[in-house]
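# Inside the fold
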Amino acid sequence: MLTLGDTIGNLNGTSAHLFVSCPVRSGGDELLSVSGGVGGSGPGMEDHGMRAYAAVLAAATARHAAQDIRQCADAANLPDGAPDIG
């Protein structure tokens, strides 16, 4: 599981996925889906560090997309920094 404030998602190898609440109409329950990953091969690609990099990439992308591109109502509630991996 991956969490960024109230935003949840998941990690799959070195790919991270976050789902940000971003209703397009009042009372809507639409989600903005954001994914990020670290590619490559070789030793260490599946280690915790690479997974953490993917999570940080997805979080930064989610903040930018929600705040600056889609202007989601709850985007201001997205905390700075890395998401929690659990």
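For every chain, the first residue of its written sequence is number 1, and the numbers climb from 1 along that sequence. Only residues with pLDDT of 70 or above have their local features reported here, since the model is predicted, and side-chain atom pairs are shown and tallied only from 80 upward, although totals for entire chains, interfaces and linings are computed over all residues. Hydrogen atoms and water are omitted, and side-chain values are computed over all heavy atoms in the structure.

### Describing the environment of threonine 7
Position of threonine 7 among the secondary structure elements: in strand E2 (residues 7-12). Think of it in three bands: with a 1.4 Å probe and only protein chains considered, a residue is buried below 20% of the maximum accessible area for its type, exposed above 50%, and partly exposed in between. On the basis of relative accessible area, threonine 7 is assigned to the buried category, the value being 7%. Expressed as a C-alpha distance, the spacing of threonine 7 and phenylalanine 19, which sit 12 residues apart in the sequence, is 6.1 Å. Here threonine 7 is in contact with Leu2, Leu18, Phe19, Val20 and Leu78, once residues within four sequence places are set aside. Only DSSP runs of H or I covering at least 4 residues are called helices, and only runs of E covering at least 2 are called strands; the numbering of each starts at the N terminus. Two residues qualify as a contact provided that any one of their heavy atoms is within 4.5 Å of a heavy atom in the partner residue.

### Some points on the sheet that holds strand E4 (residues 31-37)
One open sheet accounts for five strands, arranged E4-E3-E2-E1-E5; its pairing is antiparallel. Single-partner strands in this sheet number two, and they are E4 and strand E5 (84-85). If DSSP finds at least two bridges between two strands, the strands pair. Direction of pairing for strand E1 (residues 2-4) relative to E5: antiparallel, over a ladder of two bridges. Of the residues in E5, the one forming a bridge with threonine 3 is aspartate 84. Between N-to-C directions, angles cover 0 to 180 degrees, with each direction set by a line fitted to C-alpha atoms, over the stretch in contact for helices. Sheet strands touched by helix H1 (residues 48-69): E1, E2, strand E3 (15-21), E4 and E5. Its angle to E4, the strand with the most contacts, is close to 145°.

### What to know about the nonpolar core
One finds Leu2, Ala16, Leu18, Val20, Leu32, Ala66 and Cys72 to be the most contacted residues of the largest nonpolar core, which totals 19 residues. For this core, the elements supplying multiple residues, two or more each, are E1, E3, E4 and H1. Element by element, the count of residues in this core is highest for H1, at seven residues. Setting aside residues no more than four positions away along its own chain, leucine 2 makes contact with Thr7, Ile8, Gly9, Asn10, Leu11, Ala16, His17, Leu18, Ala55, Pro83, Asp84 and Ile85. By nonpolar core is meant a set of buried Ala, Val, Leu, Ile, Met, Phe, Trp, Tyr and Cys residues that side-chain atoms within 4.5 Å join together.

### Regarding H1
Expected helix span is computed as 1.5 Å times (number of residues minus one). In this model, H1 (22 residues) spans 30 Å end to end at C-alpha, consistent with the 32 Å of a helix rising 1.5 Å per residue. Burial in H1 covers these residues: Ala54, Ala55, Ala58, Ala59, Ala62, Arg63, Ala65 and Ala66. Where H1 is buried, its residues contact E1, E2, E3, E4 and E5.

### Examining the side chain of threonine 14
With respect to the helices and strands, the residue threonine 14 is situated in the loop between E2 and E3. For this analysis, a polar contact is any N or O atom pair within 3.5 Å, provided that within protein one partner can donate a hydrogen and the other can accept it, and provided that sequence-adjacent residues contribute only side-chain to side-chain pairs. Side-chain polar atoms of threonine 14 contact the backbone oxygen of valine 38, separated by 2.8 Å.

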